[in-house]
Amino acid sequence: MKRTGATILIVAALVGLVAGFLVDAVLTSVGRPTFVPAASLPTILVLLGAVVVAVAVPVFRASRGRSGRRIDPFRALRIAVLAKASSLVGAAATGFALGLLAFVFTRPFTPSLGSLGSIIATAVCGAVLVVAGLVAEQLCTIRKDDDDEHPGSPGARPDTGPSVG
């Protein structure tokens, strides 16, 4: 499995940004109030980040030999995938909140402080979830063994190429 790269996180954030802007644009065009995330959403994003890191720590300890307990490799893979998904969700949530902010700031009126606070908190906590997901993904990586075959190492077979006969 490849590590989560900056490109996919930026794409997720941009998709979220466009979606957030369009949601508010469509809502106001039909005469409805703009979308404001629930006040509990930032808390949920931070708690999800804490849980992802907490479940990755035993994998880190077992892979570094700091724990006598053995971790099932499938469980470690599931945790790594959860970490990757969390970072993508955090990037999308951050982008969505920034899209909401962009729409609100392009309007000619001054938004209420309560709605702005919830949107800003969602953007910040989404970024916290991205960081937590990336940290948990790092904790789930294993070290390379010394006996792994690397090109050019004494144990590796040289590439002889096709034989001509």
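For the structure, see preceding data.
In this text the structure is predicted, and so the values were computed from the model without any measurement. (Residues numbered from 1 in each chain as written. Predicted model: local features only at pLDDT ≥ 70, side-chain atom pairs only at ≥ 80, totals over all residues. Heavy atoms only, no water.)

Considering the nonpolar core
Defined as follows: For our purposes a nonpolar core is just a set of buried Ala, Val, Leu, Ile, Met, Phe, Trp, Tyr and Cys residues, chained together by side-chain atoms within 4.5 Å. Between buried and exposed lies partly exposed: a residue is buried under 20% and exposed over 50% of the maximum accessible area for its type, with that area taken using a 1.4 Å probe on protein chains only. Secondary structure elements are defined from DSSP: runs of H or I of at least 4 residues count as helices, runs of E of at least 2 residues count as strands, and each element is numbered from the N terminus.
Counting residues in each nonpolar core, the largest one holds 11 residues, listed as V52, A56, V59, I71, A76, I79, A80, A83, A136, L139 and C140. When contributions to this core are tallied by element, the ones reaching two or more residues are α2 (40–63), α3 (73–105) and α4 (113–139). Per-element accounting of this core gives the leading share, 4 residues, to α3. Counting 7 residues, the second-largest nonpolar core is a separate cluster that includes A97, V104, I119 and A123.

Observations concerning the packing of helix α1 (residues 6–29) against α3
This is how the line gets drawn: Fitted lines through C-alpha atoms give the axes, limited to the stretch in contact for helices. The angle between two N-to-C directions lies from 0 to 180 degrees. Angle categories: roughly parallel below 35 degrees, roughly antiparallel above 145, roughly perpendicular from 65 to 115, and oblique for all the rest. Handedness of a crossing is defined here by the sense of rotation of the near helix relative to the far one, left-handed for an anticlockwise turn of less than a right angle and right-handed for a clockwise turn.
Two elements in contact, α1 and α3, have axes whose closest approach is 6 Å; the angle formed by their N-to-C orientations is 40 degrees. Regarding the angle of α1 to α3, the classification is oblique. Where α1 crosses over α3, the two elements pack in a sense that is right-handed.

Remarks on the packing of aromatic side chains
The condition is simple: For Phe, Tyr and Trp, where Trp contributes only its six-membered ring, two rings pair if their centres lie within 6.5 Å, and the inter-plane angle classes them as stacked under 30 degrees, edge-to-face over 60, or tilted in between.
Across all of its chains, the model carries 2 aromatic pairs by this definition. The interplanar angle of 80 degrees and the centroid separation of 5.4 Å between the aromatic rings of F21 and F103 together place this pair among those described as edge-to-face. Here the residue F21 occupies a position in helix α1, and F103 occupies one in helix α3, the gap between them amounting to 82 residues. A centroid spacing of 5.8 Å and a plane angle of 80 degrees characterise the contact between F35 and F96, whose relative ring orientation is edge-to-face. Of this pair, F35 sits in the loop between α1 and α2 while F96 sits in helix α3, placing them 61 residues apart in sequence. Classification of F35 by relative accessible area gives partly exposed; the value is 35%. Judged by its relative accessible area of 23%, F96 is partly exposed.

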